[in-house]
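# Descriptive structure summary
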Amino acid sequence: MNSFLKKCLYYKDIKLLFSIFLDILSVSFTPNKSRLPLANIIIPFRSSCNTKKLKKYINFCFFFLNRIGIRPSCLTRSVIVCRILRSRGIDARIIFGCAWIEEQLKGHCWVQLDKLPRKQRFFPVFSYPFCRERRL
């Protein structure tokens, strides 16, 4: 419990924490069929936050949710993270992938910031929001 309090004292930017929790709530209370478009936010011209700081704050919020027993699915978590990053000027995409695990086709999604593919257990199938080239 003592380490949790120390961790809470590190996160002093209350405005940022509050806005992250608002994004979490807005995505969580949206019906499942309508969640994905919430990640498609127009990216501002300038980044309004340090990426490293933002990642730490997002991880802290999900750590807190995990501690109180709320564990969002990979899709919900990805939409939340993508929405938070894109609204602050960071180009993020949700990558949807699939893999054969124990002779069953399983799906998973995650958020990717860079364009270089990382070695994944799941084979990337498509990303959202779509690239401008695909809209033609």
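Above this text you will find the structure in question.
Reading the values: rules and limits
- Residues numbered from 1 in each chain as written.
- Predicted model: local features only at pLDDT ≥ 70, side-chain atom pairs only at ≥ 80, totals over all residues.
- Heavy atoms only, no water.
- Helix = DSSP H or I, 4+ residues; strand = E, 2+ residues; numbered from the N terminus.
- Buried < 20%, exposed > 50% of the residue type's maximum accessible area, 1.4 Å probe, protein only.
- Areas by Shrake-Rupley, 256 points an atom, 1.4 Å probe, with all protein chains shown as cover.
- Pairing = 2+ DSSP bridges.
- Axes fitted to C-alpha atoms, helices over the stretch in contact; angles between N-to-C directions.
- Phe/Tyr/Trp six-rings, centres within 6.5 Å; stacked < 30°, edge-to-face > 60°.
- Lys NZ or Arg CZ within 6 Å of the ring centre and 35° of its normal.
- Patch = residues over 30% accessible without salt bridge, like charges linked within 9 Å, V, L, I, M, F, W, Y side chains within 5 Å.
- Salt bridge = Lys/Arg side-chain N within 4 Å of Asp/Glu carboxyl O.
- Core = buried A, V, L, I, M, F, W, Y, C linked by side-chain atoms within 4.5 Å.
- Contact = heavy atoms within 4.5 Å.

Counting its regular elements, the protein chain contains 4 helices and 3 strands. Looking at the protein chain residue by residue over its 136 residues, the buried ones come to 35%. With the model as given, the accessible surface of the protein chain reaches about 9700 Å², and the carbon-plus-sulfur share is 59%.

Another aspect to go through is the sheet that holds strand S2 (residues 104-112). An order of S2-S1-S3 is seen for the 3 strands of this open sheet, with the pairing classed as antiparallel. Two strands bound the open sheet, and with one partner strand each, they are S2 and strand S3 (123-128). Here the average twist between neighbouring strands, direction ignored, is 25°. In terms of strand pairing, strand S1 (residues 93-101) meets S3 through 5 bridges, oriented antiparallel. Counted as the bridge partner of Cys98 is Phe123 from S3.

Aromatic rings considered in pairs are described by the distance between their centres and by the relative angle of their planes. Under the definition given, this model contains 2 aromatic pairs. Seen from their ring centres, Phe21 and Phe64 are 6.0 Å apart, and the 85° between their planes marks the pair as edge-to-face. Of this pair, Phe21 sits in helix H2 (residues 14-28) while Phe64 sits in helix H3 (residues 51-67), and the two are 43 residues apart along the sequence. Measuring from ring centre to ring centre gives 4.8 Å for Phe96 and Phe126, while their planes differ by 15°; the resulting arrangement is stacked. Linking Phe96 in strand S1 with Phe126 in strand S3, this pair joins segments that are 30 residues apart in sequence. Over the face of the ring belonging to Phe62 we find Arg77, whose NZ or CZ atom lies 4.0 Å from the ring centre.

The subject of this paragraph is a nonpolar patch on the surface. A cluster of nonpolar side chains, contributed by Phe18, Leu22, Leu25 and Phe29, occupies part of the molecular surface with about 470 Å² of accessible area. Along the chain, Leu22 turns up in helix H2. Taking the relative accessible area as the measure of exposure, Leu22 reaches 42% and is therefore partly exposed.

Another aspect to go through is the nonpolar core. Core analysis: the largest hydrophobic core is formed by 28 residues, its most contacted members being Ile20, Leu54, Ile58, Leu85 and Ile94. Of all the secondary-structure elements, those providing two or more residues to this core are H2, H3, helix H4 (74-87), S1 and S2. Ignoring anything within four residues of it in the chain, the contact list for Ile20 reads Leu54, Tyr57, Ile58, Cys61, Ile84 and Arg88.

Another point: the pattern of salt bridges. Taken as a whole, this structure holds 4 salt bridges when the rule is applied. Put simply, Asp23 and Arg88 hold a salt bridge, and the shortest N to O gap is 3.8 Å. Linking Asp23 in helix H2 with Arg88 in the loop between H4 and S1, this pair joins segments that are 65 residues apart in sequence. The pair Asp23 / Arg88 is uniform in exposure class, with both members buried. Arg86 is the partner of Asp91 in a salt bridge, and the nearest nitrogen-oxygen pair spans 3.2 Å. The class for Arg86 is buried, based on a relative accessible area of 7%. A single network of salt bridges, built from pairs that share partners, joins Asp23, Arg83 and Arg88.

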